[in-house]
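Architecture and fold: a report
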Amino acid sequence: MIRLLHLSDIHLGSGLLHGRVNPETGANTRLEDFGRSLERCIDRAIAESVDLVLFGGDAFPDATPPPKVQEIFAQQFRRLVDADIPTVLLVGNHDQHTQGQGGASLCIYRTLGVPGFVVGDRLETHRITTRSGEVQVITLPWLTRSTLLSRPDTEGRSLAEVDNLLLERLRVALEGEIRRLDPDLPTVLLAHLMTDTARFGAERFLAASKGFTVPMALLTRPCFDYVALGHVHRHQILCDQPPVVYPGSIERVDFSEEAEDKGYVLVSLERGKAVVEFCPLPVRPFQTLSVDLTDAADPQATLLSHLQQTLLADAVVRLVYKILPEQAEEIDQAALHEALKSAHTYSIYPEVQSQLARPRLPELGAGNELDPIEALKTYLEHHPHLSGLADDMLAAAKNLLAGDCPEDLTLSDVPLEIDSTDTTAAALEEPANAQLRLL
């Protein structure tokens, strides 16, 4: 039995906008979060004395990470060398240059000849000796159309035809590797790709280069005892026999991954059998707070009460609240920032609802018959900010309905008393809109 630890999509150096500077270290706290999660993965590999570590690609956000980020990655994987645990580093789409030529951020380990490190930057079979026996690993890095096809291959073809040709090239190349396998040894396919049955999330926004979708039928071959995938950030097991597994990313990159568990996979492998265990990591929570204040009598108190009841300490928080234009000045921003100070970091997104988008009052709905004056009274009752204009508007409406209003009467003839501090568009336009609806 061979024990594997399969992790992927470290993305060390991502999501720094959701962090802050740690005054003790000078580093971004989210970079430290990612580093701690990677450290926990390596800790488990060493504590469990696993025979082999498989990394499914995307070590960094791009192929040229800053030296500090490279240093954190190297320090952790160096521990595997010291523990005599062989490791396969697969090249993902973020590890490649935008042209898709080579895995610059990972190939340094092959160039330096790091003991026990295999870099998978091409379709190739690696026969690896571990403490518990030999295992075969076929590496399939992220492939783009230009990887397998030349310009003459694509001329005059539709995109669908190009994809079909590309998949056929991949099928032939993979079959060539399969025919060279030793049927008596356990075999792993380690690939960075998107399958046609996977559920995906943030990676579709983060993609550094365009790839293509690989059908599951190409992966679920009887010669494979375990299919270790990378690229998709959500953990999922796509097939039980052989197990086709995305371990997911080890940290949340953004709010699209708010509800996802993060972790890695431990695998017990032998020829014809693999047992998979997902191991969640205690990563920093992301929390979205959505509050609708449009019907609140006291928007500020309602919002603060909601924060006190639901805010997670040390979480990355996104507050979204809906208000009406006339409620905007009732929100004390200083008090709001004070209420959010227990969050690790936070962002605030007020959504001002247009008066035109508000539903009609129930009293004025279909089937309710009100004369125009009663309708105006009902409208004014539901708009307290117009109370100073109510009498004048009602008088003007009665004159209009009675035909006593001079033909050249305009809104300027009606005395308006609008608080000069209320500069919202709705406050200035509402009286005019109210009278126009009576004409």
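First, a word on what this report is: a plain description of the structure on this page. On a predicted model such as this, the values are computed, not experimentally measured, just so you know.

1. Here we look at unusual backbone geometry
Omega for the bond connecting Gln241 with Pro242 falls within 30 degrees of zero, at -5°, which places this linkage in the cis form. Secondary-structure assignment places Pro242 in the loop between β11 (236-240) and β12 (243-246). For Asp9, which is not a glycine, the phi torsion comes out positive at approximately 50°. Tracing the backbone through its elements, the reader meets Asp9 in the loop between β1 (2-7) and α1 (29-47).

2. Observations concerning the nonpolar core
Ranked by internal contacts, the top residues of the largest apolar core, which has 36 residues, are Leu7, Ile10, Leu12, Phe73 and Leu106. Not counting chain neighbours up to four residues away, the residues in contact with Leu106 comprise Phe55, Ala59, Phe73, Leu89, Leu90, Val91, Asp95 and Val119. Ranked by size, the runner-up nonpolar core spans 27 residues in total, among them Leu181, Leu189, Val214 and Leu219.

3. Notes on the sheet that holds strand β5 (residues 124-130)
Strand order in the open sheet formed by six strands is β5-β6-β7-β10-β12-β11, and the pairing between neighbours is mixed. Edge strands, defined here as strands with exactly one partner in the open sheet, are β5 and β11. Strand-to-strand twist across the sheet, computed as the mean angle between neighbouring axes with direction ignored, equals 20°. Docked against the sheet, helix α6 (residues 159-179) engages β5, β6 (133-140) and β7 (187-192), running at close to 165° with respect to β6.

4. A closer look at the environment of Arg171
Mapped onto the fold, Arg171 is located in helix α6. For the pair formed by Arg171 and Leu218, sequence separation is 47 residues and the distance between their alpha carbons is 7.2 Å.

What counts, and at which threshold
Residues numbered from 1 in each chain as written. Predicted model: local features only at pLDDT ≥ 70, side-chain atom pairs only at ≥ 80, totals over all residues. Heavy atoms only, no water. Helix = DSSP H or I, 4+ residues; strand = E, 2+ residues; numbered from the N terminus. Core = buried A, V, L, I, M, F, W, Y, C linked by side-chain atoms within 4.5 Å. Buried < 20%, exposed > 50% of the residue type's maximum accessible area, 1.4 Å probe, protein only. Contact = heavy atoms within 4.5 Å. Pairing = 2+ DSSP bridges. Axes fitted to C-alpha atoms, helices over the stretch in contact; angles between N-to-C directions.

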